[in-house]
Amino acid sequence: MKLLIGENLQLWRGELHVLRGLSLAVDAGCCLQVTGINGAGKSSLLRVLAGLLPAEEGSVSWRGIDTRGDQHAYHSELAWLGHGTALKADLSARENLRYSAGLRRELDSAQIDAALARVGFAHADQRLARQMSAGQQRRVALARVLLLDCALWLLDEPTSNLDSSGQRMFTQLLEAHLDEGGLAVVATHQPLAIDPQRLQTLELA
């Protein structure tokens, strides 16, 4: 059984028909890469999958259960990263992670240290978010995804503003997540450099 299934998803934005009967099915250990030109509906699709935007028709199921039936249970297994990093400007990297990820699960300093090290930001954990570059903020946001420890990642342009080392870092994080049986849906203009056997592609027109 596929873990994440979307069936006949229909979405309008005013008079614009954004999603036209779109269906998808993704299993554990796999990544669905969503591509398409600007305005094709990549972000809208991710928001529908996350339950942040209701589709006019169709359904999304997780582990065989319609996500509308128990949204709390679904969201407890979901890590979302949108275009924005959702960091508090006057909090440090460490404080942001303790606050945001800590709302979902108990964290200790060692876990935060480990997440910051994995995204290459351990050396600047006390820097305020407003003092960070856009790429550094993205690294901290990815550390939050790690700390949430969720089976499903929904990521919208996760490598935006990352330098080449940051893009390699993201690939390593994604591969490790899939190795552990996780699942990811990633909207991106950049091709994902992972094992093709674990990669599905959905191109929106």
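Values in this document were obtained by computation on a predicted structure and should not be read as measured data.

**Student:** Tell me what's going on with the packing of aromatic side chains, and back it up with residues and numbers.
**Tutor:** Two numbers describe a pair of aromatic rings. These are the distance of the centres and the angle of the planes. Taken as a whole, this structure holds one aromatic pair when the rule is applied. Seen from their ring centres, Trp62 and Tyr74 are 6.3 Å apart, and the 55° between their planes marks the pair as tilted. In this pair, Trp62 sits in strand β4 (residues 57–62) while Tyr74 sits in helix α2 (residues 71–75), placing the two residues twelve residues apart along the sequence. For the pair Trp62 and Tyr74, one class covers both residues: buried.

**Student:** Outline the pattern of salt bridges, supporting the account with residue identities and numerical values.
**Tutor:** By the definition in use, this model includes six salt bridges. Across the pair Glu77 and Arg63 runs a salt bridge, and its minimum N-O distance is 2.7 Å. Of this pair, Glu77 sits in the loop between α2 and β6 (78–81) while Arg63 is found in the loop between β4 and β5 (65–66), placing the two residues 14 residues apart along the sequence. Assessed through its relative accessible area of 38%, Arg63 is described here as partly exposed. Here Asp179 makes a salt bridge to Arg198, at a shortest N to O gap of 2.7 Å. A residue pair is termed long-range when its members are at least 10 positions apart, and Asp179 in helix α6 (residues 164–179) and Arg198 in the loop between β8 (183–187) and β9 (199–204) qualify at 19 residues.

**Student:** Give me the state of the cysteines: which residues, what numbers.
**Tutor:** Tallied over the full model, the rule gives zero disulfides. Note on Cys30: no disulfide assigned, nearest cysteine sulfur contributed by Cys31 at a separation of 8.8 Å. For Cys30, a relative accessible area of 16% puts it in the buried group.

**Student:** Tell me about the environment of Ala122, and name the residues and values.
**Tutor:** As for its placement among the helices and strands, Ala122 is situated in the loop between α4 (109–118) and α5 (134–148). When the C-alpha positions of Ala122 and Arg94 are compared, they lie 9.3 Å apart, and in sequence the two are 28 residues distant. Residues within four places of Ala122 in sequence aside, it is in contact with Leu116 and Ala117.

**Student:** An account of the packing of helix α3 (residues 93–100) against α4 is requested, with residue identities and associated values reported.
**Tutor:** For the pair α3 and α4, the least separation of the axes is 11 Å and the interaxial angle reads 120°. On the basis of the axis angle, α3 is oblique to α4. Viewed along their axes, α3 and α4 form a crossing whose handedness is right-handed. Every residue of α4 that contacts α3 at Ala93, Arg94, Leu97 and Arg98 is listed here: Ser109, Ile112, Asp113 and Leu116.

**Student:** Requested: an account of the sheet that holds β9, with residues and values cited.
**Tutor:** If you walk across this open sheet you meet the five strands as β6-β7-β8-β3-β9, and the pairing is parallel. Looking along the sheet, the strands with just one partner apiece sit at the ends: β6 and β9. With direction set aside, neighbouring strand axes in the sheet form an average angle of 15°. Judged from the four bridges that link them, strand β3 (residues 31–36) and β8 form a sheet pairing that is parallel. When the sheet's bridge partners are listed, Gln33 is paired in β8 with Val186. Packing against the sheet, helix α1 (residues 42–50) makes contact with β3, β6, β7 (152–156), β8 and β9, and its axis sits at approximately 150° to β7. Its contacts with the sheet put α5 on β6 and β7, and the angle it makes with β6 is roughly 170°.

Criteria and cut-off values
Sequence positions are assigned chain by chain, starting from 1 and proceeding in written order. Only residues with pLDDT of 70 or above have their local features reported here, since the model is predicted, and side-chain atom pairs are shown and tallied only from 80 upward, although totals for entire chains, interfaces and linings are computed over all residues. Each side-chain value is derived from all of the structure's non-hydrogen atoms; neither hydrogens nor water enter the calculation. Here a Phe, Tyr or Trp ring, Trp counted by its six-membered ring, pairs with any other such ring whose centre lies within 6.5 Å, and the pair is stacked when the planes are under 30 degrees apart, edge-to-face when over 60, and tilted otherwise. Only runs of H or I of at least four residues qualify as helices and only runs of E of at least two qualify as strands under DSSP, and these elements are numbered from the N terminus. Partly exposed residues are those whose accessible area sits between 20% and 50% of the maximum for their type, while under 20% is buried and over 50% is exposed, using a 1.4 Å probe and protein chains only. The term salt bridge refers to a side-chain nitrogen of Lys or Arg lying within 4 Å of a carboxyl oxygen of Asp or Glu. Throughout, disulfides are identified as pairs of cysteine sulfur atoms within 2.5 Å of each other. In this analysis, two residues are considered to be in contact whenever any of their non-hydrogen atoms come within 4.5 Å of each other. Orientation is described by lines fitted to C-alpha atoms, with helices fitted over the stretch in contact, and by angles between N-to-C directions that extend from 0 to 180 degrees. Any angle from 65 to 115 degrees is called roughly perpendicular, while one under 35 is roughly parallel, one over 145 is roughly antiparallel, and all others are oblique. Crossing handedness follows the turn of the near helix against the far one: under a right angle anticlockwise gives a left-handed crossing, and clockwise gives a right-handed one. At least two bridges found by DSSP between two strands is the condition for calling them paired.

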